[in-house]
Each structure stands twice: as structure tokens, then as C-alpha cells.
Amino acid sequence: MRLILPTFAKLNLTLRVINKRPDGYHNIVSTFLKIPSGDVLYVSESTAGIDIVNSNIPIKGENIVAKALRIARENGFKIPPMNVMIHKSIPPGSGLGAGSGNAAALLMLLGAEKIASKVGADVPFLCSDFTMAIASGIGDHIEPAKSVIPHGVIVIPDWQTDTKSAYAELDEMGFGVDTMLARTEMRDMYHANAGKYVGLLPNDFLKVLLKKHPKYNEIFRLFKDSGAANAWGVTGSGSAAFAVLRESVKFKWPSYINHVLYF
């Protein structure tokens with residue numbers, strides 16, 4: 001028997017990097033929104049006697065789904081060899097945590113949600129019942145947020161972003177608003193969803209992204225000039241950009257936009 005699992009991704013509506021920790025990770029404060037990813041997992045027991053994890057999009061290094069299986073077994077879960085085919089709609093390097101959503105879907109199937117933080121920083125949120133949350137720590141401390149669910153559009157350009165490299169560049173460029181300010185800034189997102197014009201939402205990675213890809217300014221200008229967007233920004237460490245919309249609108253997307261998702 002084969003099981004079909006739809007999965008979720010996450011949108012960083014706001015993202016501030018607070019400081020770098022002694023262990024090399026970074027403390028953040030971010031507003032997470034859970035969104036359908038379009039990714040689907042096809043799961044069955046493996047007749048080959050070993051795990052077989054494949055994806056229609058090549059993944060560099062260990063696939064996070066294979067990592068989830070490995071860590072679940074290391075933590076005492078009795079899991080037979082599995083065959084997992086991942087049909088991805090969201091490309092890697094978009095900042096939407098779609099891979100983490102794939103892992104979360106499998107962990108929930110296995111009843112192994114308690115090890116989510118060992119698999120990845122975004123995985124606990126994607127295993128949770130929360131649609132929106134405030135994430136802190138390395139992204140693994142989750143607090144339910146006021147349930148004001150925005151509607152908007154996400155665009156994924158034809159370039160990708162490596163999170164590790166983005167953090168390294170941000171370390172050189174500097175960051176560090178305090179936690180109180182980072183939490184205060186989240187109110188702008190709620191105002192935008194209430195119909196108030198806010199404009200650019202805070203994300204510390206934007207200065208890294210703009211240095212390499214000034215076309216973000218063109219994307220933001222498109223959102224602003226539409227007259228339908230209350231707020232916009234980038235998610236995670238990029239590459240995807242988004243807008244919170246107060247009404248539907250038809251955009252004429254530049255040729256470098258590869259994927260468009262509505263939420």
C-alpha cells in the first residue's frame with residue numbers, strides 16, 4: 001500500500017537575526033506562516049530492504065527526509081525500510097522551508113514529532129498545529145501568534161540562495177536589533193493584513209540579497225505600483241519574495257520569475 005502525503009512550507013513574514021551563538025548558530029525572531037507547498041510524498045514500505053528516498057528535483061547532500069528516518073531510528077523508533085518518492089513543486093534555495101515540510105509530514109506519519117528539532121530548525125513549526133507563530137531561538141522555539149491569516153502572492157526567481165553562505169555574509173555585514181524591537185515590528189504585518197499600507201517588512205537577509213540581486217527592487221516596485229499590496233518582503237534567506245494583498249490583481253511578471261504561488 002502506498003500513502004500520499006501533502007506537505008506544508010513556511011513563509012517568514014518578518015525575520016530578524018538577533019545574535020550569533022557560541023555554537024555557531026544564530027538566534028532569530030520571526031513571524032512564521034504555514035502555507036501549502038504543493039510538494040507531495042508517496043510513501044510505502046521498501047521491498048529492497050533499505051530506505052529509498054528519491055526526488056524529482058536533485059537534492060545536494062543528505063535529503064532531509066532520509067535524515068528524518070535516520071534520526072528517528074537513532075532515537076528508538078522502530079521503522080521498517082521505507083520507499084519515499086518526493087514530488088517537489090518548490091525548488092530548493094527559495095527560503096520557504098519546503099524540505100522541512102517534507103520531513104515534518106513523514107515524522108507526523110511515524111508519530112515522531114518529538115524529535116522534530118533534531119531534524120531541522122523549521123521542522124517543529126511545520127509539525128505543529130499552528131498556522132501562524134512567533135519563532136525564536138534558532139527558529140525552534142514556537143509561540144502561537146494571533147490568528148490573522150494574510151492573503152498574498154509568492155514569487156520564486158530563477159536564482160537560489162544557500163542559507164549557510166547567506167549567514168556568513170550577514171555576519172560580515174552586521175546585524176543585531178534587540179528582541180523587543182523585533183517583536184514590536186511584527187505589528188506592522190498585522191496592520192498590513194488589516195488593510196493598512198505598511199510597505200517593506202523587515203528581513204535582515206535583504207541587504208545580503210540586494211547586493212547580489214538588485215532585481216528585488218524591481219519586484220518590490222511591481223508590488224507597490226499594483227495598488228493592491230499592503231506589504232512585501234523576502235522570506236527566510238531568500239530567494240522567494242512575497243506580497244500581502246488586500247485584493248486580487250493580475251501581475252505581469254518579469255521573465256526571471258519561475259514560480260508563482262498564492263496563499
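Read on for an overview of the structure. (Residues numbered from 1 in each chain as written. Predicted model: local features only at pLDDT ≥ 70, side-chain atom pairs only at ≥ 80, totals over all residues. Heavy atoms only, no water.)

### What about the overall build of the chain?
In terms of helices and strands, the chain carries eight helices and 11 strands. Taking the principal axes of its C-alpha atoms as reference, the chain extends roughly 55 × 40 × 35 Å. Burial status across the chain gives 51% buried among its 263 residues. Of the accessible surface of the chain, which amounts to about 12,400 Å², a share of 53% is contributed by carbon and sulfur atoms. Counting 28 positive and 23 negative side-chain charges, the chain places the centres of these two groups 2 Å from one another. (Helix = DSSP H or I, 4+ residues; strand = E, 2+ residues; numbered from the N terminus. Buried < 20%, exposed > 50% of the residue type's maximum accessible area, 1.4 Å probe, protein only. Areas by Shrake-Rupley, 256 points an atom, 1.4 Å probe, with all protein chains shown as cover. Lys, Arg positive; Asp, Glu negative; His and termini not counted. Charge placed at Lys NZ, Arg CZ, Asp CG, Glu CD.)

### Description of the nonpolar core
The biggest cluster of nonpolar side chains holds 31 residues, and the ones touching the most others in it are Leu41, Val43, Val84, Leu107, Ile115, Val119 and Val123. Counting residues per element, the ones that place at least two in this core are strand E2 (26-45), helix H1 (64-74), strand E4 (82-87), helix H2 (98-110), helix H3 (116-119), helix H4 (123-127) and strand E5 (132-136). Sort the elements by how many residues they give to this core and H1 lands first, with six residues. Ignoring sequence-local partners within four residues, the contact set of Val119 consists of Ile64, Lys67, Ala68, Ile71, Ala103 and Leu107. (Core = buried A, V, L, I, M, F, W, Y, C linked by side-chain atoms within 4.5 Å. Contact = heavy atoms within 4.5 Å.)

### Brief notes about the sheet that holds strand E9 (residues 229-234)
Here we have five strands laid out as an open sheet, ordered E8-E9-E10-E7-E11, and mixed in their pairing. The open sheet has two edge strands with one neighbour each: strand E8 (199-200) and strand E11 (257-262). Across five bridges, the pairing between E9 and strand E10 (residues 241-245) is antiparallel. Within the sheet, the bridge partner assigned to Val234 lies in E10 and is Ala241. (Pairing = 2+ DSSP bridges.)

### Comments concerning the pairing of strand E1 (residues 3-20)
Here 15 bridges tie E1 to E2, and the two strands are oriented antiparallel to one another. Paired with Lys10 across the strands is Lys34, a residue of E2. In sequence, E1 turns back onto E2 through a hairpin of five residues, with Gly24 there showing a positive phi of about 95°.

### Some thoughts on the pattern of salt bridges
This model, assessed by the stated rule, comprises 11 salt bridges. Salt-bridge contacts for Asp171 lead to Lys20; the nearest nitrogen and oxygen are separated by 3.3 Å. Taken together, the residues Asp171 in helix H5 (residues 163-173) and Lys20 in strand E1 connect sequence positions 151 residues apart. In this structure, Arg70 and Glu74 form a salt bridge, with 3.2 Å as the shortest nitrogen-oxygen distance. With Arg70 and Glu74 both in helix H1 and four residues apart, this pair spans about one turn of that helix. According to the relative accessible area criterion, Arg70 is partly exposed, its value standing at 35%. Since its relative accessible area comes to 56%, Glu74 is described here as exposed. It is possible to trace a salt-bridge network through shared partners that takes in Arg16, Glu185 and Asp204. (Salt bridge = Lys/Arg side-chain N within 4 Å of Asp/Glu carboxyl O.)

### Structural notes on unusual backbone geometry
Here the residue pair Gly238 and Ser239 is connected by a cis peptide bond, since its omega of 15° sits within 30 degrees of zero. Here Ser239 lies in the loop between E9 and E10.

### Brief notes about the environment of Val65
Among the structural elements, Val65 can be located in helix H1. Once the C-alpha coordinates of Val65 and Ile86 are considered, the two residues, 21 residues apart in sequence, prove to be 9.0 Å apart. Not counting residues within four places of it along the chain, the set of residues in contact with Val65 comprises Val53, Val84, Ile86, Asn102, Ala103 and Leu106.

### Regarding the packing of aromatic side chains
Each aromatic ring pair is described using two quantities: the centre-to-centre distance and the angle formed by the ring planes. The tally for this structure, following the rule as stated, stands at nine aromatic pairs. Each residue in the set Trp159, Tyr216, Phe220 and Tyr256 is aromatic and connected to the rest through ring pairs, giving one cluster. Lys10 extends its terminal NZ or CZ atom over the ring of Phe32, reaching a point 5.8 Å from the ring centre. Here Lys34 stacks its cationic end above the ring of Phe125, 5.4 Å away from the centre of that ring. (Phe/Tyr/Trp six-rings, centres within 6.5 Å; stacked < 30°, edge-to-face > 60°. Lys NZ or Arg CZ within 6 Å of the ring centre and 35° of its normal.)

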